[in-house]
Amino acid sequence: MQNLEPDVKGILRDHDSNFGRRDFIWSALGATAALAAARPVSAQEINTDTNGLEAGDVTMPVKDGTLPAYRAMPATGGPFAVILVAPEVFGNNHYMKDVCRRLAKAGYYAIVPDVYARKADLTKYTSISDIVPIVNAKPDPEMMSDFDSTAAFAQASGKGDTARMGITGFCRGGRTVLMYAAHNPKLKAAVAWYGPPAGNKTDAMPQHPLDVAANIKVPVLGLYGGKDAGIPMEQIEKLRAALRTAGTPSEIVVYPEAGHGFNADFRPDNYRKADSEDAWKKMLAWFKKYGVA
């Protein structure tokens, strides 16, 4: 497998000249993720079993065809409150699927669409230089449509109750959470894990969360790291203020010693167990408080 160690150093050294802050976040995180894939499994990696669950890969219809997805829910009962899961930049890998199983163990119908599958299966990539262009080319309207389709698929299954629907996501998916909260006011609650509030504006992403914060009426919980090299506290405080100004029920939690990706248990350089566990509890409590239960 390709040795990515020099790429990590290069990303960290050259991000000011070659990358915007958004690209730096995804590139540095992606490099460590690719390295993690090449190394033995981290001792801290969480592996949630499927006992008592119905879980597996599915194919769902979208506006221009179909996309693969992964869903998990309790094996009996239902319909269940729905949690849409917005992935990081690495496709529907073990971590994203395990997040769905963790949510299913808490009683939810959780589903993560493979939003980059039109271009590639990103779980097969080991070079971040190949991943970032695909991620950055994903148009926001297509992303929003994909999550609309995911919600429709959950409802049509007869097992998901989208009248009790929330969304959560991580890194790039955290940004998606904030953008989708502005797009879909029918959500009951949203939880964004270290989602960048701002970034370079492109044809694919002409706006960012700070630009649409005034349109967010969905209760938002933001979970951030105080030592995140790619998301400065200034941006986090601007997001907090923008949500407050919009009258949005919101809470922004900053873990002082955490960096980016602190929930990613398969990346030992990023993962912070105590912060991750506390944030997970806060997420579940947020969903329950606002009717996603």
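> I'm lost on the confidence of the model for the protein chain in this one. Help?
Segments scoring low in pLDDT should not have their predicted coordinates read at a detailed level. On average, the protein chain scores 89 in pLDDT, and the residues at 70 or more come to 85%. Here residues 1–19 is modelled with pLDDT under 50, and outside its nearest four sequence neighbours on either side it reaches 23 contacts, counting other chains as well. Confidence drops under a pLDDT of 50 for residues 30–40, and excluding neighbours within four residues, the segment shows 20 contacts in the predicted structure.

> Is there a simple way to explain the sheet that holds strand S2 (residues 65–74) in this structure?
Paired through their backbone hydrogen bonds, the strands of a sheet run either parallel or antiparallel. Across the sheet, which stays open at both edges, the eight strands sit in the order S1-S2-S4-S3-S5-S6-S7-S8 with mixed pairing between neighbours. Edge positions in the open sheet fall to strand S1 (53–62) and strand S8 (250–255), since each of these has one partner strand only. On average, each strand axis in the sheet is inclined to that of its neighbour by 20°, with strand direction left out of account. Bridging between S2 and strand S4 (residues 109–113) involves four bridges; their strand directions are antiparallel. Looking at S4, one finds that Ala-69 is bridged to Pro-113. In the packing of helix H5 (residues 140–156) onto the sheet, contacts are made with S1, S2, strand S3 (80–86), S4 and strand S5 (160–170), and the angle to S1 comes to roughly 125°. On the sheet, helix H9 (residues 273–289) packs against S3, S5, strand S6 (189–193), strand S7 (220–225) and S8 and is oriented at approximately 165° with respect to S6.

> Help me understand the pairing of S1, please; the structure alone is not making it clear to me.
Two faces, one strand: in a regular strand the side chains alternate between the faces of the sheet. As defined by bridge partners, S1 adjoins S2 across 10 bridges and the pair is classed as antiparallel. Bridged to Val-62 within S2 is Gly-65. Hairpin connection between S1 and S2: a loop of two residues separates the two successive antiparallel strands.

> Even after reading the chapter, I still don't get the environment of Glu-54, so can you show me in this structure?
Relative to the elements of secondary structure, Glu-54 occurs in strand S1. With residues near it in sequence (within four places) discarded, Glu-54 still touches Arg-71, Ala-72, Met-73, Pro-74 and Ala-75. A polar side-chain atom of Glu-54 sits 3.5 Å from a polar atom in the side chain of Arg-71.

The rules behind the values
- Residues numbered from 1 in each chain as written.
- Predicted model: local features only at pLDDT ≥ 70, side-chain atom pairs only at ≥ 80, totals over all residues.
- Heavy atoms only, no water.
- pLDDT = per-residue confidence, 0-100.
- Contact = heavy atoms within 4.5 Å.
- Pairing = 2+ DSSP bridges.
- Helix = DSSP H or I, 4+ residues; strand = E, 2+ residues; numbered from the N terminus.
- Axes fitted to C-alpha atoms, helices over the stretch in contact; angles between N-to-C directions.
- Polar contact = N/O pair within 3.5 Å; in protein donor to acceptor, adjacent residues only side chain to side chain.

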